[in-house]
Structure formats: structure tokens, C-alpha cells
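Observations on the model geometry
Here is how the chains run, residue by residue.
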Amino acid sequence: MNIIVFGGAGFIGTNLIKRLLSENHKVLSVDNLFTGQIENALLFNENENYSFIRGDITDESFMEVILDISIKKLFGENPNIDEIYNLACPASPPKYQIDPFYTIYTSIAIDTISKMTLKYNAKLLHTSTSEVYGDPEIHPQNEKYRGCVNTMGPRSCYDEGKRIAETFLYEHITKNKLKCKVVRIFNTYGPYMDPNDGRVVSNFICQALKNEDITVYGDENKTRSFQYIDDLIDGMILFMRNTSDDFYGPLNIGNPDEFTLKELYELVLKNIDTKSNIVYKEEMKDDPKKRRPDISLAKEKLNWEPKVKLNEGLLKTINYFKSVI
Ligand code: UDP
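Bear in mind that the values here come from a model prediction, so they are computed numbers and not experimental data.

Around the ligand, the surrounding shell holds 17 residues, and the nearest of these are Asn203, Thr215, Arg224, Asp287 and Arg291. One nitrogen or oxygen atom from the side chain of Arg155 is found 3.1 Å from an oxygen atom belonging to the ligand. Within the side chain of Arg199, an N or O atom sits 3.4 Å from an oxygen atom of the ligand. Contact with the protein chains covers 98% of the free accessible surface of the ligand, which is 510 Å². Within the residue set of the shell around the ligand, elements represented by two or more residues are helix H8 (200–209) and strand E8 (214–217). For the shell around the ligand, the class distribution of residues is six nonpolar, four polar and seven charged.

Dropping the structure here:
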């Protein structure tokens, strides 16, 4: 198949492309490297089925003219595009807060990507997020829960951006018959994460490896449910390919095993010999206190559930970070 991945140089994009190339598909990766890493983009350069172009989904001239040139180069003069994955958006709070306006525009660019998908009669998988549930009042969160999101706060640019993107897609699906799948991703970790991403798993591991203070923001009893990247990629591909056209989601993909931040750093410390100390920093505003996906719908629709336990996934991730920092 011919496939485009927007946000291909990011953590999830890189793991997805690795999988798609191993299945012998042709993949065009698009990334502006705002949070994506050039090292990731260059990983597959030797593969003739792969091409990378640096470009921005919010830049209409790029999307309408320059991208077309790359598409024709990789897929031929009259290109047929089968699948489009949209992962393009800064996702870590310290990164998406660098330029909140840009974060909002990145989400809105789903309109351009939807129109492109329609033009090529392709199928789109869009990555939404558990952040659409905000600081949730129900636990665990299922897809019917409408969320508790602050419209005016430091997380709003991302949370509300992702919510309006889902709405754009809903309109394209119902009015224009866009073939689309909307996945809501819960916290995910694994190889090819940026060591400087600022997420809790990458921070704790890299801090421990460098004997630096392990930073806990606010209450160490806050919870998250951490999913290993391979489980996410399995779920995304099953959703894209093995569900009927009329099922567009949204669909939670995450690991329902819930851990406190304390349990997380204890596991990291068990696996890394380090001189690091735990230090407590101020809590970030509007930070959700707990988060755990209800994955009943994914189990039913995809016959999928995560396989990798946290300790096993952490070990693989620790080995990755040892090789890059
Ligand atoms: N966090 C932390 N120390 C860090 C980075 C994050 O205590 O060095 C906390 C963060 O405040 C949040 C949780 O860990 O409560 C998960 O943060 P992350 O950025 O990984 O994901 P998200 O908040 O998007 O779920």
C-alpha cells in the first residue's frame, strides 16, 4: 500500500513507520521537526520504500504544492494513496505550551488533511487523546464520557484543539463521507521517545540514568496508565484495517493497568542503578489527578488488548535510552 504519515519523525510516527515498512508498504513521512527528531526521520533512509519531507501541515502552500511533488516522486505520476495517519501535533505539556497558538493551528489543520484524504479517496486515521476527557469526574474513562476540560488554562490549547479536531472529522465523515478512524491515545512510552520530551516516563528514566534528581510534580499519588508503544501500534493498525467503514470511533487505545507516580519511579529505580534522589516540584495547573482507559469498546471491535506489562516495557525503554543519551 501507499501510505502517508504526518508527524512521522515523532515517537509514535517512528514506531508506526518501522512497522509499516516491515510489512513492505511505501511510506512518505512528513514532519516539520518541531518536536519530531531528525535522527528518527533519517532512520529508514536506506529503504527505497521510504521518503521523508520536512514540512508543516499548517502551511497551505506546503500542503497544496510542495507535498504533491514528494507524493508523485514516491508513489508515481498518478498516485494512489491508501492510508493516511495523522500524528502531527506536539503532545507533551512543556512542548505544546511553547507556542500554544501553533498547537491550536496544528489541530485545526485536520481540515486540510481531511480534504486531502477525500481528494485521494484514501482512509484516514487521526490520533486524538485521552486529554479530551480533561481532569475526569468518572473513572475509568469510556468513550461516552464527555470530559471535564478547562477552556481557559495552560492545557486548553492542546485539549480543546484535539476536541475541535474530532468535531471537524465528525463533519467530514457525516457530510463528505470521509473514511476515517479516530483513536484516543492514553499515555504511551517506548523506544524513539525524545529524551527531552518532558513526559514522566522519559524524564524519570533519563534522570535516573544521568544520576540527576527525579522530579515529581505535585502529588506522587496521581495516577496514569502507561501503554507500551507496540500495543498502541497493534491497536491503531487493527482499527485502520479491520473495522467496518461505518465505525469511525472515537476509540480508546491504552493500557488499563493504573500506577501512581510513586509506583512508577520505584519501578524505574528497581531497574537502574543510580544515585538520583526524588525531589518534589510544584504541580502543573489543571493536571489530571487520575487517568485510566476503559477499553471495552476496543476489545469488542478489534479483539485487542495490551500485552506488555509495565516492567517489561520499561526495561526495553531503558535499554533504548541507554543507547541514545
Ligand atoms: N510528571 C512528573 N514529573 C515529570 C514529568 C511529569 O511528576 O518529570 C507528572 C505530570 O505532572 C503528570 C504525570 O507526571 O501528573 C504525567 O505527565 P506526562 O507529561 O507524562 O503526561 P500527561 O500529563 O499528558 O498525562
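Further remarks concern unusual backbone geometry. At the junction of His139 and Pro140, the peptide bond is cis and its omega measures out at -5 degrees in the coordinates. Structurally, Pro140 is set in the loop between strand E5 (123–129) and helix H7 (156–176). Cis rather than trans, the peptide bond between Gly249 and Pro250 has omega equal to 0 degrees. Of note, Pro250 is situated in the loop between helix H9 (229–242) and strand E11 (251–253). In the Ramachandran plot, Asn211 falls in the positive-phi region, its phi being about 55 degrees despite a non-glycine side chain. Structurally, the position occupied by Asn211 is in the loop between H8 and E8. In this structure, Asp286 takes a positive phi of about 65 degrees despite not being glycine. Positionally, Asp286 belongs in the loop between strand E13 (278–281) and helix H11 (296–302). Relative accessible area serves as the criterion here: at 30%, Asp286 is assigned to the partly exposed category.

What counts, and where the lines are drawn
Residues numbered from 1 in each chain as written. Predicted model: local features only at pLDDT ≥ 70, side-chain atom pairs only at ≥ 80, totals over all residues. Heavy atoms only, no water. Near = heavy atom within 4 Å. Polar contact = N/O pair within 3.5 Å; in protein donor to acceptor, adjacent residues only side chain to side chain. Areas by Shrake-Rupley, 256 points an atom, 1.4 Å probe, with all protein chains shown as cover. Helix = DSSP H or I, 4+ residues; strand = E, 2+ residues; numbered from the N terminus. Nonpolar A, V, L, I, M, F, W, Y, C, P; charged D, E, K, R; others polar. Buried < 20%, exposed > 50% of the residue type's maximum accessible area, 1.4 Å probe, protein only.

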